Amino acid sequence: QAQPGSTGIRVIVSHAPAFMKGRYLKLTRNLSQTPWILEDNSRKTESSVQEEILQHMLPIFMAKSAKFHTGGREDADVRMLGSGRPFVMELAEPKHGYIPSKKVQEIADKINAPGAIVNVRGLELCKDGRKDILDLTTAAQHKKKEYRARIYLT
């Protein structure tokens, strides 16, 4: 939009979001799914699953921000093992909207480095990220849950 008295036009260009999906495993306790910031700006947990994954995606995509979409939640004080929890990472205004599969594997390798507290499986670029997010939320609503507990009597 031109400013009064000017003859130029200002054009703002932004890239559509990029989406990556996979399944995460939370290998430690005391790790929230998303950053848990208290009213006094202190943290309830030192890090989060979202931050552990995102720190390896942001430098590659050069995105301004991200949203972490998951198929359900778990408490911060429990691990998420087995086949993992499905997620979609939505990367807003990335400078690189597409990355080759080699870079996707590099991201997964960095997340899954020895000693990591979060691992990912099946990491890939989404063909239709909005549909994948919708599928996550729909599946979470119809999911049958199973809990196991070990009880000791003394």
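Provided above is the structure to which this section pertains.
Residues numbered from 1 in each chain as written. Predicted model: local features only at pLDDT ≥ 70, side-chain atom pairs only at ≥ 80, totals over all residues. Heavy atoms only, no water.

**A few points about the nonpolar core**
The following threshold applies: As used in this record, nonpolar core signifies buried Ala, Val, Leu, Ile, Met, Phe, Trp, Tyr and Cys residues forming a set joined through side-chain atoms within 4.5 Å. Categorising residues by exposure relies on relative accessible area from a 1.4 Å probe, with only protein chains included: less than 20% of the type maximum marks a residue as buried, more than 50% marks it as exposed, and the intermediate range marks it as partly exposed. What counts as a helix is a DSSP run of H or I of at least four residues, what counts as a strand is a run of E of at least two, and both are numbered from the N terminus. Only heavy atoms enter the contact rule, under which two residues are in contact if any of them lie within 4.5 Å.
Ranked by internal contacts, the top residues of the largest apolar core, which has 25 residues, are Ile53, Met57 and Phe61. Contributions of two or more residues to this core are made by strand E1 (18-26), helix H1 (49-61), strand E3 (80-92), helix H2 (101-111) and strand E4 (118-125). Counting residues per element, this core draws most heavily on H1, at six residues. Residues contacting methionine 57, with those up to four places away along its chain left out, are Met20, Phe87, Met89, Leu91, Ile107 and Leu123. Judged by nonpolar contacts, the second largest core, of five residues, contains Phe19, Val88, Cys126 and Ile133.

**Comments concerning the packing of H1 against H2**
Quick reminder of the rule: Angles run from 0 to 180 degrees between N-to-C directions of axes, and those axes are lines fitted to C-alpha atoms, restricted for helices to the stretch in contact. Roughly parallel means an angle under 35 degrees; roughly antiparallel, over 145; roughly perpendicular, 65 to 115; everything else is oblique. In a left-handed crossing the near helix is turned counterclockwise from the far helix by less than a right angle, and in a right-handed crossing that turn is clockwise. Charged residues are taken to be Asp, Glu, Lys and Arg, nonpolar residues to be Ala, Val, Leu, Ile, Met, Phe, Trp, Tyr, Cys and Pro, and polar residues to be all remaining types, Gly included.
Running from N to C, H1 and H2 point in directions that differ by 150 degrees, and their axes come no closer than 9 Å. By the angle class used here, H1 and H2 are roughly antiparallel. Of the two possible hands of crossing, H1 and H2 adopt the one that is right-handed. Contacts from Glu52, Ile53, His56, Met57, Ile60 and Phe61 of H1 reach H2 at Lys103, Ile107, Lys110 and Ile111. By residue class, the composition of the contact of H1 with H2 is six nonpolar, one polar and three charged.

**Some thoughts on a nonpolar patch on the surface**
Cut-off, in case you're wondering: Patches here are clusters of residues that have more than 30% relative accessible area and form no salt bridge, with a 9 Å joining cutoff for like charges and a 5 Å cutoff for nonpolar side chains (Val, Leu, Ile, Met, Phe, Trp, Tyr). We get accessible surface area from the Shrake-Rupley algorithm with a probe of 1.4 Å; when it comes to residues, only the shown protein chains can shield them. Whenever Lys or Arg places a side-chain nitrogen within 4 Å of a carboxyl oxygen from Asp or Glu, that contact is recorded as a salt bridge.
The grouping of Ile9, Val11 and Val13 at the surface amounts to a nonpolar patch, some 380 Å² of accessible area in total. Residue valine 13 is classed as exposed on the basis of its relative accessible area, which comes to 71%.

**Describing the sheet that holds E1**
We apply this condition: Here, any two strands with at least 2 DSSP bridges between them count as paired.
Overall, antiparallel pairing links the four strands, which are arranged E2-E3-E1-E4 in an open sheet. Bordering the open sheet on either side are strand E2 (65-70) and E4, each of which pairs with just one other strand. For this sheet the average axis-to-axis angle between neighbouring strands, irrespective of direction, equals 30 degrees. Seen against the sheet, H2 touches E1 and E4 and runs at an angle of roughly 170 degrees to E4.

**Description of the packing of aromatic side chains**
In plain terms, the rule: A pair of Phe, Tyr and Trp rings is counted when the ring centres sit within 6.5 Å of each other, with Trp represented by its six-membered ring. The angle between the planes then sorts it: under 30 degrees is stacked, over 60 is edge-to-face, the rest tilted. Over a ring means this: the NZ of a Lys or the CZ of an Arg is within 6 Å of the ring centre and within 35 degrees of the ring normal.
With the rule as written, the count across this model stands at three aromatic pairs. Plain terms: the ring middles of tyrosine 24 and phenylalanine 87 are 6.3 Å apart, the flat faces sit at 50 degrees to each other, and that makes the pair tilted. With tyrosine 24 in strand E1 and phenylalanine 87 in strand E3, this pair connects stretches of sequence that are 63 residues apart. Tyrosine 24 sits in the buried class, given a relative accessible area of 0%. Residue phenylalanine 87 is classed as buried on the basis of its relative accessible area, which comes to 1%. Each ring, one from phenylalanine 68 and one from phenylalanine 87, has its centre 5.6 Å from the other, and the planes form 45 degrees; the classification is tilted. On the criterion of sequence distance, the pair formed by phenylalanine 68 in strand E2 and phenylalanine 87 in strand E3 is long-range, its members being 19 residues apart. Phenylalanine 87 shares its class with phenylalanine 68; the two are buried. A network of ring pairs unites the aromatic residues Tyr24, Phe68 and Phe87 as a single cluster. Across from the ring centre of tryptophan 36, 5.7 Å away, lies the NZ or CZ of lysine 44, which sits over that ring.

**Observations concerning H1**
Selection criterion: Helix span, expected: 1.5 Å multiplied by one less than the number of residues in the helix. A residue's bend is simply the angle between two axes: one fitted to the seven residues ending at it, one to the seven starting at it.
Look at H1: 19 Å from first C-alpha to last across 13 residues, which is about the 18 Å you get at 1.5 Å a residue. At glutamine 55, H1 shows its largest kink, close to 35 degrees, and the proline proline 59 lies no more than four residues downstream. Among the residues of H1, Val49, Gln50, Glu52, Ile53, Leu54, Met57, Ile60 and Phe61 are the ones counted as buried. Where H1 is buried, its residues meet E1, E2, E3, H2 and E4.

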